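Descriptive structure summary
Single-letter residue listing:
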Amino acid sequence: MNRKAIFPGSFDPITLGHYDIIKRGISLFDEVIVAIGINADKKYMFSLEQRKKFIEEAFKDEPKVKVITYQGLTIDLCKKENADFILRGLRNPADFEFEKAIAHTNRKLSKIETVFLLTASKTSYISSSIVRDVLRNGGDISELVPDSVMKLK
Ligand code: ADP
């Protein structure tokens, strides 16, 4: 059986936390599809194309990682891509509470299982919103994001 997982998120931009979850995800699944959600109500710092390029470049030597963009429900995307799993990272209790409600709802609406990985302790404090704040204020983000973001931003 081909085990595919969708890793959904905004990735504005991808951080070393996301990178860690994807790396570990490919040891569990045959394919990890990183799916960048398009939300018309959200203001992003990086364009969809840029966010996609950062991830593609970071995993250019990893054939098990595919990057796509999507609109709508993640479970509908799972059906379209033939993926039985959603992959999510957990950093802290706030993530857990939020993710729990979404995972239960997705189970109610479909048979898709959500698989959670605890973040590596060294990246558990990193968030895209803090990375954006540091960037906006001229700080150095090189310790927080994959090299591809530094190269292409
Ligand atoms: P969203 O808009 O869905 O919150 P994000 O791009 O912020 O999108 O996050 C996507 C996924 O990556 C979520 O499962 C989130 O918990 C996880 N994630 C975010 N930051 C980290 C981190 N530092 N370590 C591990 N997982 C993370």
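It should be emphasised that the depicted structure is a prediction, and the values quoted were computed from it without experimental measurement. (Residues numbered from 1 in each chain as written. Predicted model: local features only at pLDDT ≥ 70, side-chain atom pairs only at ≥ 80, totals over all residues. Heavy atoms only, no water.)

In the vicinity of the ligand, 16 residues are found, and the nearest of them are Ser-10, Gly-89, Thr-119, Thr-123 and Ile-126. With respect to the ligand, the side chain of Arg-91 contributes an N or O atom lying 3.2 Å from a nitrogen atom. Between the ligand and Ile-126, the relevant distance is 2.7 Å, taken from a nitrogen atom to a main-chain nitrogen or oxygen of the residue. Burial of the ligand by the protein amounts to 86% of the accessible area it has alone, namely 540 Å². According to the grid-proximity analysis, the pocket containing the ligand is the largest pocket. Looking at the shell around the ligand, the elements that each hand over two or more residues are strand E1 (4-9), helix H1 (16-28) and strand E4 (85-90). Residues that form the shell around the ligand fall into these classes: five nonpolar, seven polar and four charged. (Near = heavy atom within 4 Å. Polar contact = N/O pair within 3.5 Å; in protein donor to acceptor, adjacent residues only side chain to side chain. Areas by Shrake-Rupley, 256 points an atom, 1.4 Å probe, with all protein chains shown as cover. 1 Å grid on protein atoms, 1.4 Å probe; cavity = no way out; pocket = protein on both sides within 12 Å on 5 of 7 lines; lining within 4 Å. Sits in = over half its atoms within 2 Å of the grid points. Helix = DSSP H or I, 4+ residues; strand = E, 2+ residues; numbered from the N terminus. Nonpolar A, V, L, I, M, F, W, Y, C, P; charged D, E, K, R; others polar.)

Think of a ball as big as a water molecule: rolled over the atoms, this probe shows where empty space is left. In this structure, the largest pocket occupies an estimated 1,100 Å³ of space. The wall of the largest pocket is formed by 42 residues, among which Pro-8, Gly-9, Ser-10, Lys-42 and Arg-88 lie closest to the centre. Those elements giving two or more residues to the lining of the largest pocket turn out to be E1, H1, helix H3 (74-81), E4, helix H4 (93-109), strand E5 (113-118) and helix H5 (128-136). Here the lining of the largest pocket gets seven residues from one element, more than from any other, and that element is H4. Counted by class, the lining of the largest pocket contains 16 nonpolar, 18 polar and eight charged residues. If you add up the space inside the second largest pocket, you get close to 220 Å³. Every residue lining the second largest pocket is counted, 14 residues in all, and those nearest its centre are Tyr-19, Glu-57, Ala-58, Phe-59 and Asp-147. Among the secondary structure elements, those contributing two or more residues to the lining of the second largest pocket are H1, helix H2 (48-58) and helix H6 (147-152). Among the residues making up the lining of the second largest pocket, the classes are represented as six nonpolar, one polar and seven charged. (Points joined across faces, edges and corners; volume = space filled by probe spheres on them.)

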